[in-house]
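Listed here are the chains, written in short residue letters.
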Amino acid sequence: MKPAAFVRHVPKTLDEALKILARVAPQDGRVLAGGQSLVPIMAFRLAKPAHLVDINEVEGLDKIAHDGKTLDIGARVRHAAFHKSVVDNPLGALLSEVARHVAHYPIRMRGTFCGSLAHADPASEWCLVAATLDATMVAKSMRGARAIAAKDFFAGIMATTLAEDELLAEVRLPLLARDARFGFNEFNRRAGDFAMSAALVTYTLQDGKIGGARVGVGGAEPCPRRIAEAEAALNGKAPSDAAFRAAAEAAAHAVEPLEDHQTTGEYRRDLVRAVVRRALEQSTQ
Amino acid sequence: MTAHTKGSGLKWVGRAIRRLEDPALVTGQGRFTADLPAVHWVRIVRSPVAAGKIAKIGAPDGATVIAATDLKGVKKITPMLHKFNYKPVGQPVLADGVVRFVGEPVAAVVAASKEAAEDIAELVELTVDETAPEIDALAALRPDAAQIHTEAPGNVILEGKFKTPDFDAAWAGAHKFVSVEAGSHRQNATPMEARAGHAAYDASTGRVTLTCTTQMPHLMRTAIADVLGMPESDLRVVAPDVGGGFGQKMSLAAEYVVLVWLARKLKSSVAWTEDRRENLIAGFHARDQAITLEGAFDKDARLIALKTDIVANVGAYSCFPTTCGVEPLMAMAEMPGPYDFKHYETRARGVLTNTCTMAPYRGVSRPVITFTLERLMDKAAKAFGLDVVDIRRRNLIDKFPYTSAIGLVYDEATYKQTLEMAVKEIDLPAFRTRQKAARAKGRHLGIGFATFSERTGYGSPAFAARGMEITPGWETVILTVDPSGFVEARIGSSPHGQGLRTTLAQIIADEIGVTPDLIKVVHGDTDRAPYGWGTFASRSLVICGGATLIAAQKVRAKLIKIASHLLEAAPGDIVLENGEARVAGTDRSVSIAKMAREAYTQTHKFKGEIEPGITETGTYDPPGTFSNACHVAIVEVDIETGRTTVEKFLVAEDAGKIINPMIADGQVHGGIAQGIGNALLEEIVYDESGGILTANLADYMPPTAREIPPIELHHIETPSTESITKAKGLGEGGCIGAPAAVINAINDALSEYNVQIDEMPATPQRIRAALRTSPAVVPAKAGTQ
Ligand SMILES: Cc1cc2nc3c(=O)[nH]c(=O)nc-3n(C[C@H](O)[C@H](O)[C@H](O)COP(=O)(O)OP(=O)(O)OC[C@H]3O[C@@H](n4cnc5c(N)ncnc54)[C@H](O)[C@@H]3O)c2cc1C
């Protein structure tokens, strides 16, 4: 379990990083952020990048900023940054609730928010957040910068639409309405493991009725996504056990479940049903 | 010299003193095999397929790649049993033309670094003509199954049978029959430190020192010398700090033989450190058993007769030294457990398959048989409409010594008392009330009991009864007071985390009147320690502790003799305490340091009546003694997801005299953590082609601290008559009882659904699948089309 040989580059500026990335990308050159996914994969020799562009010393990428509309998370921001609320908005509380489900404490001290998105594990909590809230990814390369909507970003299990020479420089999460409610729930077999299913919900109440419902499901399909059928089951209804169950049922029905040697599709649907309902229940507490 | 803990006059035995081994370990001063520098590093090329003929092993240009064809004259590893129709099958150190499991060592790449060796290993061209494998033991019993070894037709490597004389009549006369088909999936002991070896050749003597992660250094020396055909005196085996073994490190790793061979060939140092993937696929497996158990009860719910059929999937080879008989034969002998009945019929088979070789893992067989028997008891309780505690009350042994249906003699134990203690401490009525209240709120709590006996500290006759060619058992301790007055015990046991340096020091301290920190316990080096069997099978404190006590009593006698000369007093008037010998009731005394010095340097004073020096030997080979315990688990099952959370775990336990309560509790805690892992999480999964789907610690899931509940321990101390320290072993009990208690609790939580969870681990997937078959389960209608 020793990685194959590689060359590590340690640029100090974004420009330098993009230049090196453009040069080494054709030789399977990759960005190294927190290393909490990439390094194990290299140790298993599932990946053998010849070059690593280590962005840990690149200036300016460690910022969390907000302009009243979005929360902008730079490429060096670690999971642990969200242990406490980073913004005076329900989004801050949402992120810190979710953060403690990401891996274990030591991993949260190194792993990055943007790294999780670039890695695109189907069960990643941050990917679920990005999909549910319709985040915008800002990709930069020597060719320029572009913004990618969440629904166009995830392209399959551990696959995104980032080009090889692109750095995910920043992720922009829309701030939530002041009175937004949210709930999160995930199922895994051991504390800190990747979720076997996870759900994130947000909505607001207008005259006691749910409006603008977002129901995101992760870990159940190749990519996390919003489940329109579940959202439809909620909008216009008062929060109630029956409404939550109907939405959970709709989500369980809608997913195309991933299967593996221990997890049948039927079981995965059971989990989706459970996590969606529980996330909804949590939203009322 | 630092100041020593002042003797308090209290006995050391029975006190929870801190472990003498820990300061080094917790300050990063431990020394482990992988810390050693080496000139050459080895990477093992392993079979990627479960069965087939090797067509080609192509080495890249200039690379050093060793294969079976290079190992001329090296014998196969062939452990032996002289009973039970055992078919000796040999394991070539590197696969010799045929591969029999995924992960089998095929070639050894030698390079200047670990990284370089791994790079070259990737380039080795290994072509295997695949044949259809047998993965499942029951399938491997089919008449048309592929044959794993020609020496074992039908893939049955051993078969044990036993039937008491009046069995059939007793069976026919029973009132009710209860049966269970239970089993355990495969598990891996998962020591924190995987296996590692380092062999260094010494040009001046021609000897090789093999440093490795073993629980049995002397036996490794014997085995490797046998296989390589070299004098044992040319090999030194050292077990430095070893990061957990749990049985996995008592079996001979073929890789170690390769290392010693290479060190002699290259006249240099050669090292190998296994990675976690290798450990999970090839580092020995355990627990893979399918058991059918039927109990015949009388009208008062008393067990009259037990019938069992045990099939153990032993994997591709037989492990050395215990042989693969260790699981099925222990199941056969110890299935009767703590229950009082006379009639027993059993059959136990070991079945070869194209899977990793099975070897002992903490608890050996008993986690599985206890689980099976305790499931049977719970089912019987239901069949008779009795409480699960009541059925056990009616059946537990309470007269001693007791001879079991198969002829094992149990010394005095407290099966009933520990049960009653556990029931009281857990407050069963209060739990039942809480359980009802929780159920009314849609929550499913359950309680599970497991009562069991744990055979520990058994000497060579017990192993001889299995027909083993190598019968471990006895231990020798050489105890020296050196001229500086310090005490050194050299022992044949090989502790690797159990705290034996501390507990043996406590035993010695009480005999010779010095503080434990003056006492060094030396182990794990065949050049320094006397021949012995290492540490496994809950034996070391009983057997090595007994040998230690014998040696210490002899040293005590000698010190008293020396003191009586020096103090000119009758031996009967001498007391040894606080580091000195004193004439009782006077202030006349001489320090042990002074006596020791004189015993070496002033021998003329003893006029030939006392032999020079102070070195005594103790050897002990006891018959064995049975510990016992009652484990209780309280769980909550989430019926929507099938997830089990263990809320609380309680143990009432009797391991005879407790030498160090803190260490004893630590042993039980660790065992329970492993037992909970076995009950809920850990499973090696093979696909049909024999590939392992759980080759990392994300997929093979040992519990983390967060899966382990608070554990409450209660002790009863029944001094053992079969152990001279009065102590019984307790190293394995934690993981023997836990799976049964946890899974019984799951079944209790789900009792209204009439589902039966008889498989370990009881994963959420399995629980949910069982619930789905129950008409009583509410959710999960839609979404499945
Ligand atoms: C034991 C364990 C448990 C874990 N559990 C969880 C869990 O429960 N939930 C979870 O979400 N994650 C979990 N993880 C993964 C962890 O969160 C990682 O930190 C995360 O997936 C990747 O972030 P990173 O910064 O470490 O990225 P790296 O490992 O450095 O990189 C991952 C991949 O993304 C690419 N990359 C990284 N940053 C960028 C960028 N800015 N632009 C372009 N490409 C980039 C890399 O080239 C690489 O391909 C776990 C990891 C471990 C070891």
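These numbers were taken from a predicted model, which means no experiment stands behind them. Residue numbers here run from 1 along each chain, matching the order of that chain's written sequence. In the order they appear in the text, chains get letters beginning with A and ligands get numbers beginning with 1. Residue-level local features of this predicted model are given only where pLDDT is at least 70; pairs of side-chain atoms are given and counted only at 80 or more, and the full residue set underlies all totals for whole chains, interfaces and linings. Side-chain metrics in this entry use all non-hydrogen atoms of the structure; hydrogen atoms and water are not considered.

**Description of the site of the ligand**
All names here are of chain A. Our working rule: For this purpose, a residue is taken to be near a molecule or strand whenever a single non-hydrogen atom of the residue falls within 4 Å of it. The definition of a polar contact used here is a pair of N or O atoms within 3.5 Å, where within protein one atom must be able to donate a hydrogen and the other to accept one, and adjacent residues in sequence count solely through side-chain atom pairs. Using the Shrake-Rupley algorithm and a 1.4 Å probe, accessible areas are obtained, with residue cover drawn only from the displayed protein chains. Helical segments are the DSSP runs of H or I of at least four residues, strand segments are the runs of E of at least two, and each set is numbered from the N terminus. By the convention adopted, Pro, Cys, Tyr, Trp, Phe, Met, Ile, Leu, Val and Ala count as nonpolar, Lys, Arg, Asp and Glu as charged, and the other residues, Gly among them, as polar.
The environment of the ligand is made up of 29 residues, and the closest members are Val31, Gly35, Leu38, Thr112 and Glu125. Contact distances for the ligand include 3.4 Å between an oxygen atom and a side-chain N or O atom of Arg30. The backbone of Leu168 places a nitrogen or oxygen atom 2.8 Å from a nitrogen atom of the ligand. Contact with the protein chains hides 88% of the accessible area of the ligand, taken as 960 Å² for the molecule alone. Those elements that place two or more of their residues in the shell around the ligand are β2 (30-32), α5 (113-119) and β10 (167-174). The element best represented in the shell around the ligand is α5, accounting for four residues. Looking at the shell around the ligand residue by residue, the class counts come to twelve nonpolar, 13 polar and four charged.

**Description of the sheet that holds strand β18 (residues 444-456) of chain B**
What links the strands of a sheet is backbone hydrogen bonding, and the strands pair in either a parallel or an antiparallel sense. All names here are of chain B. Put simply, the rule is: Being paired, for any two strands, means DSSP has found at least two bridges between them. Every axis corresponds to a line fitted to the C-alpha atoms, with the helix fit spanning only the stretch in contact, and the corresponding angles, defined between N-to-C directions, vary from 0 to 180 degrees.
Pairing is mixed across the open sheet formed by four strands, whose spatial order is β18-β26-β27-β28. Bordering the open sheet on either side are β18 and β28 (711-716), each of which pairs with just one other strand. The mean inter-strand angle of the sheet, taken between neighbouring strand axes irrespective of direction, is 20 degrees. Relative to strand β26 (residues 625-638), β18 runs antiparallel, the two sharing 13 bridges.

**Topic: the domain arrangement of chain B**
Residue and element names in this part refer to chain B. To keep things clear, this is the line we draw: Boundaries between domains were set according to an automatic or database domain assignment. The contact definition used throughout considers only heavy atoms, calling two residues in contact when any of these lie within 4.5 Å. By buried area we mean how much accessible surface two parts lose on assembly, using a 1.4 Å probe and totalling the loss over both. Take a side-chain nitrogen of Lys or Arg and a carboxyl oxygen of Asp or Glu: if they are within 4 Å of each other, that pair is a salt bridge.
One can read the domain layout of chain B as domain 1 (22-30 + 474-620), domain 2 (33-131 + 195-273) and domain 3 (289-460 + 623-781). Domain 2 and domain 3 are separated by 36 Å when their C-alpha centres are compared. Each side of the interface is counted separately: domain 2 has 25 residues, and domain 3 has 26 residues. Here domain 2 and domain 3 share an interface that buries about 2000 Å² over both sides, 72% of which is from carbon and sulfur atoms. Considering only the surface of domain 2 that becomes buried against domain 3, Pro79, Phe101 and Phe246 emerge as the three largest contributors, covering 26% of it. For the interface between domain 2 and domain 3, the tally reads zero salt bridges. Connecting domain 2 to domain 3 are seven residue pairs in polar contact (both at pLDDT 80 or more).

**Description of the packing of aromatic side chains**
Going by this rule: Under the pairing criterion, centres of Phe, Tyr and Trp rings, with the six-membered ring standing for Trp, must be within 6.5 Å; the plane angle then separates stacked pairs below 30 degrees from edge-to-face pairs above 60, leaving the rest tilted. Throughout, exposure labels follow a simple rule: accessible area from a 1.4 Å probe, protein chains only, divided by the maximum for the residue type, with under 20% read as buried, over 50% as exposed, and the rest as partly exposed. Put simply, a charge is over a ring when the Lys NZ or the Arg CZ is close to the ring centre, within 6 Å, and near the line of the ring normal, within 35 degrees.
For the structure on display, the rule yields 19 aromatic pairs over all chains. Judged by centre distance (6.4 Å) and plane angle (70 degrees), the rings of Phe101(B) and Tyr317(B) are edge-to-face. Of the two residues, Phe101(B) sits in the loop between β4 (98-99) and β5 (105-111) while Tyr317(B) sits in the loop between β14 (303-315) and α8 (326-334), which places them 216 residues apart along the sequence. Taken individually, Phe101(B) and Tyr317(B) each receive the classification buried, so the pair is uniform in this respect. What links up through ring pairs into an aromatic cluster is the set Phe82(A), Phe113(A) and Trp126(A). The side chain of Arg15(B) reaches across the aromatic face of Trp12(B), ending 4.2 Å from its centre. The ring of Phe187(A) carries the charged tip of Arg643(B) above its face, separated from the ring centre by 5.6 Å.

**Description of the domain arrangement of chain A**
Residue and element names in this part refer to chain A. Each assigned domain of chain A is listed here: domain 1 (7-54), domain 2 (64-174) and domain 3 (181-282). The C-alpha-based centres of domain 1 and domain 2 are spaced at 19 Å. For the pair domain 1 and domain 2, the summed buried area comes to about 1100 Å², and 75% of that belongs to carbon and sulfur atoms. Here domain 1 and domain 2 share zero salt bridges between them. Counting across the domain 1 and domain 2 interface gives zero residue pairs in polar contact (both at pLDDT 80 or more). By residue number, the principal contributor to the side of domain 1 that touches domain 2 is helix α1 (residues 14-24), which donates six residues. Taken together, the residues of the side of domain 1 that touches domain 2 break down into nine nonpolar, three polar and two charged.

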